Amino acid sequence: MYNVLLIGNGAREHAIAETILRSRHNTTLFSFMKSNNPAIAALSSAACFGSYDNLNDISTFARDNAIDFAVIGPEDPLNNGVVDALRGIGIPAVGPTKKLAQLETSKSFTRNLLSKYKIPGNPRYKIFTSMDGVEDFIGGLEGVVIKPDGLTGGKGVMVQGDHFNTKEEALDHCREILREHSVVIVDEKLEGEEFSLQCLSDGTTVVATPPVQDHKRRFVDDKGPNTGGMGSYSSEDHSLPFMTPADVSEGLAITRKVADAIYQETGEHYKGVMYGGFIITKSGIKLLEYNARFGDPEAMNILPLLKTDFVDICRAIIDGTLNLLEVEFEKKATVCKYIVPKGYGLPKDHPDARSTYAKIEVDDVKEAQLFYASVDKREDGLYMTTSRAIGVVGIADDLVTAEQIAERAVSAIKGPVDHRPDIGTKPLIQRRIDHMRKIRAYSQALRDQHSI
Ligand code: GLY
């Protein structure tokens, strides 16, 4: 019998909640949410609402309900030290302490960790505390990515070619970041295909889950602004159509080295999810960033496929016995498409921006799984808020069928909503394959040239 506390209120946490309750153990779910997710509340024996920085309320709720362990969904409570607070009252958690969550919350911590422990994967980068040397460094790179240190909620990362074009603009952005933050990180801009590798770590054993590709852009064909993620897919062979088996092993090998390094650096075992955002480039796998939690939407791709009991996994992470557990996933393809208000990601003065806070109808959906995100259940029905509303997940033996299942389920949701119909489709995936083929051919040509 386990009392489990889940912290978080999104579709990712809805997927985690269902996975916890699929356990063969007698498990009771308690949830702490910053706003009411009606689906998570319905699965919970008790729900408490409050801010993720209110560690007192979270601890009191956990103690009052004799929680055995907690699972932390989003990064904010990790950054606020919720794992340390719960540990202080004897409640273990799946999620890193504040110090170890720096893997996500401090980009400079992670870049420096890889450099110090000679772990491959860093692009060319430099961390600046003033503008001294910035111009020289930027001048030597073809393109740059500029970021502040710390959590920025997906905003604050400026990519040359997307957010600005010239070297002068890059320098302006660095100055702007340094006005508000103590450091600015300048990475070389990389070209390639990205994948998310969500690994489970007990501090000594690190296990990979199937890789997933996320789609951050708001509109079809990767147009429009970046969002929290409009959808994602994974393949039945637990690779991705543009990846080689070596790419997955390389991402896992990097993450294993990082788990070791973080222990050597801090003396603490990393317990939780190490989600590597990787990119396959002409010079191999590079690390874009780590997240200290499951991805949203990527959690919705992998958790429904989990064959191993999730409560056993959580216990093994906490007890440091992950090496004794076979973590298995069904050999199925998944396609997740987020239903969003039409106005999601649009400027406030856009005519479609009014679609937020609108009512939606959800017909009975049997084929696909629906995970609720930012929705509000009122007496007269379900309303969206300003953010992503529902994650729709199709699962099948192959990607084509999984995509069709997701697409059919999307049409069961009525209202001023939008989604990306191209996610998981053949033409889009073919473009990823062709893109990667071109990059690999280029790097092979370079190798051939050097071996002559
Ligand atoms: N899908 C991106 C993230 O969870 O950060």
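This text goes with the structure placed above it.
Residues numbered from 1 in each chain as written. Predicted model: local features only at pLDDT ≥ 70, side-chain atom pairs only at ≥ 80, totals over all residues. Heavy atoms only, no water.

Quick look at the side chain of D296 now. Secondary-structure assignment places D296 in the loop between strand 15 (284-291) and helix 11 (298-302). We classify D296 as buried; its relative accessible area is 12%. In this structure D296 touches A11, R12, G228, Y338 and R388, once residues within four positions along its chain are discounted. (Helix = DSSP H or I, 4+ residues; strand = E, 2+ residues; numbered from the N terminus. Buried < 20%, exposed > 50% of the residue type's maximum accessible area, 1.4 Å probe, protein only. Contact = heavy atoms within 4.5 Å.)

A word on the site of the ligand. Around the ligand, the neighbouring residues are D214, G228, Y275, N291, R293, G295, D296, P297 and E298. At 2.8 Å, a side-chain N or O of D214 approaches a nitrogen atom of the ligand. For the ligand, whose unbound accessible area comes to 200 Å², protein coverage reaches 88%. (Near = heavy atom within 4 Å. Polar contact = N/O pair within 3.5 Å; in protein donor to acceptor, adjacent residues only side chain to side chain. Areas by Shrake-Rupley, 256 points an atom, 1.4 Å probe, with all protein chains shown as cover.)

Its location among the elements puts T401 in helix 13 (residues 399-410). For T401, a relative accessible area of 29% corresponds to the partly exposed category. For the pair formed by T401 and G424, sequence separation is 23 residues and the distance between their alpha carbons is 9.7 Å. Within the structure, the side chain of T401 is placed 2.7 Å from the side chain of D398, a separation counted as a polar contact.

Attention shifts here to the pattern of salt bridges. Scanning all chains against the criterion turns up 29 salt bridges. A salt bridge links D247 to R440, with the nearest nitrogen and oxygen atoms 2.7 Å apart. Taken together, the residues D247 in helix 10 (residues 245-266) and R440 in helix 14 (residues 426-451) connect sequence positions 193 residues apart. Across the pair R315 and D319 runs a salt bridge, and its minimum N-O distance is 2.9 Å. Highlighted residues: R315 and D319, both in helix 12 (residues 310-319), separated by 4 residues, approximately one helical turn. One salt-bridge network, in which partners are shared between bridges, spans E193, D222, R420, D422 and R432. (Salt bridge = Lys/Arg side-chain N within 4 Å of Asp/Glu carboxyl O.)

Counted by the stated rule, this structure contains 0 disulfides. Between C199, a cysteine without a disulfide, and C314, which holds the nearest cysteine sulfur, the sulfur-to-sulfur distance is 16 Å. Accessibility expressed as a relative area gives 0% for C199, which makes it buried. (Disulfide = S-S within 2.5 Å.)

For the rest of this paragraph, the subject is the nonpolar core. Counting 123 residues, the largest nonpolar core has L5, I390 and V392 as the members making the most contacts within it. Those residues in contact with L5 that lie beyond four places of it in its chain are F30, S31, F32, I58, F61, A62, I67, F69, A70 and V71. C174, I177, V184 and V186 belong to the second-largest nonpolar core, a separate cluster that totals 16 residues. (Core = buried A, V, L, I, M, F, W, Y, C linked by side-chain atoms within 4.5 Å.)

Quick look at the packing of helix 7 (residues 107-116) against helix 10 now. The geometry of helix 7 relative to helix 10 is characterised by a closest axis approach of 10 Å and an angle of 95° between their N-to-C directions. With respect to each other, helix 7 and helix 10 are oriented roughly perpendicular. Contacts between helix 7 and helix 10 pair F109, L113, L114 and K116 from the former with V258, A261, I262 and E265 from the latter. For the contact of helix 7 with helix 10, the per-class residue count stands at 6 nonpolar, no polar and 2 charged. (Axes fitted to C-alpha atoms, helices over the stretch in contact; angles between N-to-C directions. Parallel < 35°, antiparallel > 145°, perpendicular 65-115°, else oblique. Nonpolar A, V, L, I, M, F, W, Y, C, P; charged D, E, K, R; others polar.)

To continue, consider the environment of R256. Here R256 shows up in helix 10. Of the residues examined, R256 reaches a relative accessible area of 41% and is grouped as partly exposed. For R256 and G394, which are 138 residues apart along the polypeptide, the C-alpha to C-alpha distance reads 31 Å. Engagement of the side chain of R256 in a polar contact is seen with the backbone oxygen of V206, the distance being 2.9 Å.

What follows covers the pairing of strand 10 (residues 193-201). The element strand 10 is extensively covered by neighbouring structure, given that 8 of its 9 residues are classed as buried. Note: strand 10 against strand 14 (residues 272-281), 9 bridges, orientation antiparallel. Opposite S196, over in strand 14, you have G277 as the bridge partner. As judged from the 3 bridges shared by strand 10 and strand 11 (residues 206-208), these two strands associate in the antiparallel manner. Note that in strand 11 the partner of C199 across the bridge is A208. Hairpin connection from strand 10 to strand 11: 4 residues lie between these consecutive antiparallel strands, with G203 at a positive phi of about 110°. (Pairing = 2+ DSSP bridges.)

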